[in-house]
Amino acid sequence: MSEKKEISINRVDCTECMGCVEMCPDLFEWDDINEEVVLRKECATEAEMAEAIALCPQDCIEVHGPCQNGDS
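This report concerns the structure included in the present document. (Residues numbered from 1 in each chain as written. Predicted model: local features only at pLDDT ≥ 70, side-chain atom pairs only at ≥ 80, totals over all residues. Heavy atoms only, no water.)

**So, the state of the cysteines**
1) Next: On inspection of all chains with the given rule, the structure shows one disulfide.
2) Next: The partner cysteine of C43 in its disulfide is C67, sulfur to sulfur 1.8 Å. A torsion of 70° about the S-S bond marks the disulfide between C43 and C67 as right-handed. With C43 in strand β4 (residues 43–44) and C67 in the segment after β5 (61–66), the pair connects residues that are 24 residues apart, well separated along the chain.
3) Next: On the accessibility criterion, C43 (0% relative accessible area) is buried.
4) Next: Overall, C67 belongs to the buried group, its relative accessible area being 16%. (Disulfide = S-S within 2.5 Å. Helix = DSSP H or I, 4+ residues; strand = E, 2+ residues; numbered from the N terminus. Buried < 20%, exposed > 50% of the residue type's maximum accessible area, 1.4 Å probe, protein only.)

Pasting the structure below:
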């Protein structure tokens, strides 16, 4: 099993193109109230997020160190 890593969205650079929501709906979703992309999980494996990272036009999906809070 792959190690899960913490992920975040760089909101300064995000253009809200919705590519991550379309490619990885298990990880990302659109928040209608705040009108922004949000994380459904704080941690994911590289395999889970690879496509969204590769297709993000602004490189807004940031991968950090190992997940510190279990497998959320």
